[in-house]
Amino acid sequence: MKKKRIMKQLAVVSALSMVLALTACGGKTEGTAGTEQETVENLTGEEQQTPVQEETQATQTEETQDVSPTEIQDVQPEVPSEETPNSSDENQAPIEDVQSEEQAESALSEEEEQGEMTGETLAGGAISADGQIIRLGMGYAEIEKGKWAISAKDHEKYEAYSLNPRTTSGSAMALYSEDYGYEFESFHIMVSLRNESEQPVPYLEGTVDYISIPNLTRTEKLAEVILPGGLTLESTEEEFRAAYGEPVSEYDDEATGFRSLSFEDGEVRMGINWIKGSINEITLSM
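Predicted model only: the values in this text are computed from it and were never measured.

Scanning the chain from N- to C-terminus turns up seven helices and 13 strands. With the model as given, the accessible surface of the chain reaches about 19400 Å², and the carbon-plus-sulfur share is 51%.

Here's what the structure looks like:
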């Protein structure tokens, strides 16, 4: 009986021990849950955001590490190299080349013109003004293709005129260049026209039978004039005599300083007037 009583007491003690153990475990778990809840509720706004920010930074770090160096370089904007030629520099080179070629051609043209006029004789009846040759017997239509031409107003006027067969106009018209202006006081060339055919022709289809460069001593800006034999406006009386021979006529007025000489070669006649030692007018006729 004692033994059974002891066994019952041990069983009761064991059962109580298990109940106490289970009760202790349950209380600890609930206490822990309460502590965690309280901890979350007591966090400030910054402390709540910290885990999110750290997580975002970690994510960005992982994404950055996943991108290869090549992909990063492709995203970066291209920076022009200092050694890359400037587009304006590239465009200037051809322009300079073109200008150099044009200048060379212009210089060559002037040399050729000078050489051609040097080989001309007075009988050829030609003068050169700024590189354009105007010759007795040349059609006006050919002259106006160059830089020398009558003004638009004169062109309109002369279009209404005609030349009778085998006649000359009897009056001269002025040829101008935009380089010198269209005023009568500016440098200009006077020409008259002739109809050599047996039928009437429009006035501007006539041919040149007279050329004059007047008022040179009163003109501020002069064109470059070259005469047969390569003579110029600076040539002396002795140089004209050497080129064209002895004059066929000569006039001198010491009181006014006026002097004139006339030379002939075949059907062409040249007159030169000086005023106080400077050439004032040159005429060519036939």
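So, about the packing of aromatic side chains. All told, the structure shown has 11 aromatic pairs when counted by the stated rule. Here Tyr 176 and Tyr 182 contribute two aromatic rings whose centre-to-centre distance is 5.8 Å and whose plane-to-plane angle is 50°, an arrangement assigned as tilted. Measuring from centroid to centroid gives 5.9 Å for Phe 240 and Tyr 244, while their planes differ by 55°, and the two rings are tilted. Pair noted here: Phe 240 and Tyr 244 are both in helix H7 (residues 237–244), with a separation of four residues, about one helical turn.

Below, the discussion takes up the sheet that holds strand S1 (residues 126–129). The strand order S2-S1-S9 describes an open sheet built from three strands, whose pairing is antiparallel. If you trace the sheet from one side to the other, it starts and ends with strand S2 (132–135) and strand S9 (225–226), each paired once. Examined bridge by bridge, S1 and S9 share two bridges and lie antiparallel to one another. Of the residues in S9, the one forming a bridge with Ser 128 is Ile 226.

Relative to the assigned elements, Met 270 resides in strand S12 (residues 268–275). For Met 270, a relative accessible area of 0% puts it in the buried group. Sequence-wise, Met 270 and Ile 211 are 59 residues apart; in three dimensions their C-alpha atoms are separated by 9.6 Å. Setting aside residues up to four positions removed in sequence, Met 270 forms contacts with Leu 122, Leu 227, Pro 228, Phe 240, Tyr 244, Leu 261, Ser 262, Phe 263, Thr 283 and Leu 284.

The next thing to look at is the confidence of the model for the chain. For the chain, per-residue confidence averages 75 on the pLDDT scale, and residues scoring 70 or more make up 60% of the total. Here residues 22–100 is modelled with pLDDT under 50, and outside its nearest four sequence neighbours on either side it reaches five contacts, counting other chains as well.

With that settled, consider the pattern of salt bridges. In total, this model carries 14 salt bridges according to the counting rule given. Of the charged contacts, one joins Glu 120 and Arg 135 as a salt bridge, the two residues approaching to 2.8 Å between their closest N and O atoms. Here Glu 120 is found in the loop between helix H4 (87–118) and S1, whereas its partner Arg 135 is found in strand S2, with 15 residues between them in sequence. Here Glu 120 falls in the buried class, since its relative accessible area comes to 15%. Take Arg 135: its relative accessible area is 23%, and that puts it in the partly exposed class. Asp 130 is the salt-bridge partner of Lys 147, the closest N and O atoms lying 3.5 Å from each other. With Lys 147 in the loop between helix H5 (140–143) and helix H6 (152–158) and Asp 130 in the loop between S1 and S2, the pair connects residues that are 17 residues apart, well separated along the chain.

Thresholds, definitions, all that
- Residues numbered from 1 in each chain as written.
- Predicted model: local features only at pLDDT ≥ 70, side-chain atom pairs only at ≥ 80, totals over all residues.
- Heavy atoms only, no water.
- Helix = DSSP H or I, 4+ residues; strand = E, 2+ residues; numbered from the N terminus.
- Areas by Shrake-Rupley, 256 points an atom, 1.4 Å probe, with all protein chains shown as cover.
- Phe/Tyr/Trp six-rings, centres within 6.5 Å; stacked < 30°, edge-to-face > 60°.
- Pairing = 2+ DSSP bridges.
- Buried < 20%, exposed > 50% of the residue type's maximum accessible area, 1.4 Å probe, protein only.
- Contact = heavy atoms within 4.5 Å.
- pLDDT = per-residue confidence, 0-100.
- Salt bridge = Lys/Arg side-chain N within 4 Å of Asp/Glu carboxyl O.

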